[in-house]
Amino acid sequence: MYNILVCDDEKEIVKAIEIYLTKEGYNVLKAYNGEECIKMLKKNDIHLVILDIMMPKKDGIETLEEIREYSTIPVIMLSAKSEDEDKINGLNLGADDYVTKPFNVLELIARVNSGIRRYTKLGKLEENSDKNIYRTGDLIVDDNLKTVTVDGNIVKLTPTEYNILKFLLKNKGIVYSIEQIYQNVWEDEAYVVENIIAVHIRHIREKIEINPKEPKYLKVIWGIGYKIEKID
Amino acid sequence: MKESRVLKILSYVLIPIFILNLIFCALYGICKEKFITTQISESEYFTSDLFLSDYMNDLKIECNNLIYNHDRYTQIQDGEYEISYKSNNDKYNYEIKDLYYLIIYENFVLTNVELTADTNSIEKLIKYISTQDSKTANIINGEVIAESEIIQNKAIQYFDNFIIKYYKIVNDVVLSEETDENNTAIYSYGKQNYETSIEDFKIYSSYKEQLVESADYKIYKDLIKKVQPYENLMIYSVPISGILITIMFIYLIISIGHIKNKEGIDLNDFDKIPIEIIFIVIGILVGLIIYFTILNFENLNECFYTGGISVFLLSYFVSYILCCLAMVTLIKRIKAKILFKESIIGNFCIWCSKFIKKLFKKIKKIYTKIKITYKNIVDSWSIILKISLMIVAYFILAFCFLLIFEDIGFILDLFILAYILYKLFENISCYQKIENHLKAMYKGEHPPKLNKLEFTKYFKNIVEYVNDISRGYENAIEEGIKSERLKTELITNVSHDIKTPLTSIINYVDLIKKEEINNDKAKEYIEILDNKSQRLKKLTEDLVEASKASSGNVKLNIEKININELIKQTTGEFQDKFKEKNLDIITQIPNQILYINADNRYMYRIIENLFSNISKYALENSRVYIDVKKELNIVKIDIKNISKEKLNISADELIQRFVRGDRARTTEGSGLGISISKSLTEIQNGVFELQIDGDLFKVHLEFNIVN
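Residues numbered from 1 in each chain as written. Chains lettered and ligands numbered in written order. Predicted model: local features only at pLDDT ≥ 70, side-chain atom pairs only at ≥ 80, totals over all residues.

**What about the pairing of strand E5 (residues 135-140) of chain B?**
All names here are of chain B.
- Bridge count between E5 and strand E9 (residues 201-207): four bridges; the pairing is antiparallel. Across the sheet, Lys135 pairs through a bridge with Tyr207, a residue of E9.
- Across four bridges, E5 lies against strand E6 (residues 143-146) in antiparallel orientation. Paired with Ile139 across the bridge in E6 is Val144.
- The turn linking E5 back onto E6 is made up of two residues, and Asn141 within it adopts a positive phi angle of 50 degrees. (Pairing = 2+ DSSP bridges. Helix = DSSP H or I, 4+ residues; strand = E, 2+ residues; numbered from the N terminus.)

Written out as structure tokens, the structure is:
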């Protein structure tokens, strides 16, 4: 049983999140402003915090800064502020994830699951020495078993998708154009590629990403190519 | 009454008849006057000086004829010669008949006795003349032998008339130096100068002492005799005719041009011919007729006995008809008020007036120009005064220097002139600086503030004004930018405030959905709530984006982007969505790789919006064309598809925010997609054009290619 602290000045939102998370089997603790949040954190054994930014007394950013002073607990920021600067600011200050309001419940749950898993299990796995296992963040491709796992869940990919993902993950952090991917995966000259690769990548994203439009692992750099984000 | 055709024709016919009546009466009056002449006694007349002078004159004329070889010389008929008696009113009422003569001059003979008669010799002729029952009067070699003592006595007085005549021959033509209407230029015998006198003539003549009424006089008398019984009638007919003519004339003037069942004045092509031409032509015609007919009758004799009356009447009526034509068209024109317009003079006048108006306008223009210039001069009076004073001062100074210092003065003058020129150029450069500054402002640049110290004192004020204006201008622009930013901020903040309650709505709707509800209607309502809350979410997100994009309030992360890659990626991204609608995508991308400078995420947003529109609004089972072309240094991307709905909306309208192809707004979408795409394209220095051709929806994008 994991304890999740939900902190938002909108009681209804907190309530709704509580309902969802309780259904998922989490124990939910509630706070309605930054100060309460800090107090709750000190009192209880919390595994993950969902933190709103715009709150009275102490806002989400200040609270996050304070938390990070003494804890590495996963924090998911939850805000109506959807601008890039806000997201970057939040993530830079130590948030593990950033979800904008109005949020998709399934996405939020998926992110909570991911956060919890990483904090409790994956975090302890540490380095995997096997050469045939490639990973970034919680995305793992095991070339021995030919399996792909995200946040510990096995994802089913077609052989082509698997090959593309494996190639990109092997070379994580590097941007490859469609042509380059084609040449490397098919080991052949690209001639009638059209958008087969693009379609495959879209499908991979839909399978491995919580929100394919805002991918965490398989990033699209429009007009340049694709890459797997390098996450420790 | 005005339109009665019968009355008109009657008037046209009657007027000339009445006028004829008047003419007749007038003629009668004239004739009657002629008739009243003084009766004279024959014996008294033949012993009067009057007869003698006439007689001698006639002889003299015949002598002249003889010398000049006059036509008459061969045309004389037997006994045909007469002396007319003039009455005191200067008319010839009586004639002396049977006047004979025989004139012998050198070897030439002139006689009014037919030589063919049994009078072959001169002796016989003399005898023939004298044997007539008449008196003789002969002049032979200057001697007068007359039966009448008066002639005998008085003839000598007329001798002078028979003496001396001069002639000159020019080009074989003899010209008389003396003018005598009977013998101005007559062929002569070739003598250059000729002189003759009474002694050279032998004149035999005879006359009867009896007066005979002249032919004309007889006619008058007959006419008057015939008409006299109706004299009273004629006297009354004159005023009646006059009145009737006047009435009919006035009636015609009133009624001309009015036709039954027609309003206004009836005009035909004839009335369009310039009136001057009509008048001139008719005038000439009438003049010719009168000249060749009426005036041609030398006397009434001819008029009455050589078919003259019919000729006279014919010419009279023809003239009348011609005059009528002229009058009718004149009156019609006056009534229709086109007399002026349809005439040469009128047109000329109109042209003149136009010309004068134009001229006047031009003069006025010039006048105002001069006025403005004058005003400007007055307004800038102080400057002009200063300049004039300077010029005057310069000349005075220069003159003084020349006087005082002579040669050195000239050099001093040059220095002063150089100084003045320097000042002048200095001011001109100041002016140039201000002009450049204003030009830069006009182009939308922000030129640095003008430094007052760099300008001459004349420009200090102007510089201040210009600086003030440019400061105000910059402030206005800054204000504009600021207000645009504030607007965006406002929208962003409002959207945050909307998003929080919206989150609750969406979440609780979702929770309700998960509850077990057996009511179908409730389920339906929940579904609607779910849909609409999702749309509201999308709308708030797009609203912020649109406001940012249109105000340019976005941070661009410009990098080199491969268009070919972008199109492949995006089409791949939308493959599944297009497939759902069974849309066939036909892409045409050149093999050459095309790079542009842009922000990759915004580029994706542009294409994403367009593709998302296509997936929403394109006709199912149709084709979507994506063409990428390179033209010079520009990459052109055309995206074409066929709309599902009828697009009864213009391209411009569609670009505006919140407008969608379906006016009812039944489908999902905020209506901001195209607006956002356009703004984002323009922010990245691209061109975004939208065309609607029937159901064809076409988006045209242009970007600059970088190497």
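**Looking at the packing of helix H15 (residues 460-514) of chain B against helix H16 (residues 520-551) of chain B**
All names here are of chain B.
- Two elements in contact, H15 and H16, have axes separated by 9 Å at closest approach and are oriented at 160 degrees. Accordingly, the angle class assigned to the pair H15 and H16 is roughly antiparallel. Relative to H16, the crossing made by H15 is left-handed.
- Here the contact of H15 with H16 is built from residues that sort into twelve nonpolar, seven polar and eight charged. (Axes fitted to C-alpha atoms, helices over the stretch in contact; angles between N-to-C directions. Parallel < 35°, antiparallel > 145°, perpendicular 65-115°, else oblique. Left-handed = near helix turned anticlockwise from the far one by under 90°. Nonpolar A, V, L, I, M, F, W, Y, C, P; charged D, E, K, R; others polar.)

**Observations regarding helix H12 (residues 344-379) of chain B**
- Between its first and last C-alpha, H12 of chain B extends 51 Å over 36 residues, near the 52 Å set by a 1.5 Å rise per residue.
- H12 of chain B sits mainly on the outside: zero of its 36 residues count as buried. (Expected span 1.5 Å × (residues − 1). Buried ≥ 20, exposed ≤ 12 C-beta atoms within 10 Å, placed from the backbone.)

**Points about the interface of chain B and chain A**
- With 28 residues of chain B at the interface, the matching set in chain A holds 27 residues.
- Taken together, the elements giving at least two residues each to the side of chain B that touches chain A come down to H15, H16, strand E11 (558-562), helix H17 (563-580) and helix H18 (600-617) of chain B.
- The residue inventory of the side of chain B that touches chain A, partitioned by class, reads nine nonpolar, eleven polar and eight charged. (Contact = placed C-beta atoms within 7 Å.)

**Thoughts on the nonpolar core**
- Counting residues in each nonpolar core, the largest one holds 62 residues, and the members touching the most others are Leu165, Leu168 and Leu218 of chain A together with Met603 of chain B.
- Examining the composition of this core, we find that nine residues originate from one element, H18 of chain B, more than from any other.
- In this structure, Leu168 of chain A is in contact with Tyr176, Leu218, Tyr226, Lys227 and Ile228 of chain A, ignoring residues within four places of it in sequence. (Core = buried A, V, L, I, M, F, W, Y, C linked by C-beta atoms within 7 Å.)

**Concerning the sheet that holds strand E1 (residues 3-7) of chain A**
All names here are of chain A.
- Spatially, five strands are ordered E2-E1-E3-E4-E5 in an open sheet, and the strand pairing comes out parallel. Edge positions in the sheet fall to strand E2 (27-31) and strand E5 (97-100), since each of these pairs with one other strand and no more. In this sheet, neighbouring strand axes are inclined to one another by 20 degrees on average, regardless of whether the strands run parallel or antiparallel.
- Bridge analysis of E1 against E2 gives five bridges, and the strand direction is parallel. Within E2, the position partnered with Ile4 by the bridge is Val28.
- Its contacts with the sheet put helix H1 (residues 11-23) on E1, E2 and strand E3 (48-52), and the angle it makes with E2 is roughly 170 degrees.

**Some details on the sheet that holds E6 of chain B**
Residue and element names in this part refer to chain B.
- The five strands are arranged E4-E3-E9-E5-E6 in an open sheet whose pairing can be described as antiparallel. Looking at the sheet topology across the chains shown, the edges are occupied by strand E4 (108-111) and E6. The average angle at which neighbouring strand axes cross in this sheet is 10 degrees, direction not considered.

**Structural notes on the confidence of the model for chain B**
Residues and elements named next belong to chain B.
- Chain-level statistics for chain B give a pLDDT mean of 79 and a share of 84% at 70 or above.
- Of the regions scoring below 50 in pLDDT, residues 177-191 engages in 27 contacts with residues more than four places distant in sequence or in other chains.
- Scoring the predicted complex yields pTM 0.51 and, for the interface, ipTM 0.80. (pLDDT = per-residue confidence, 0-100.)

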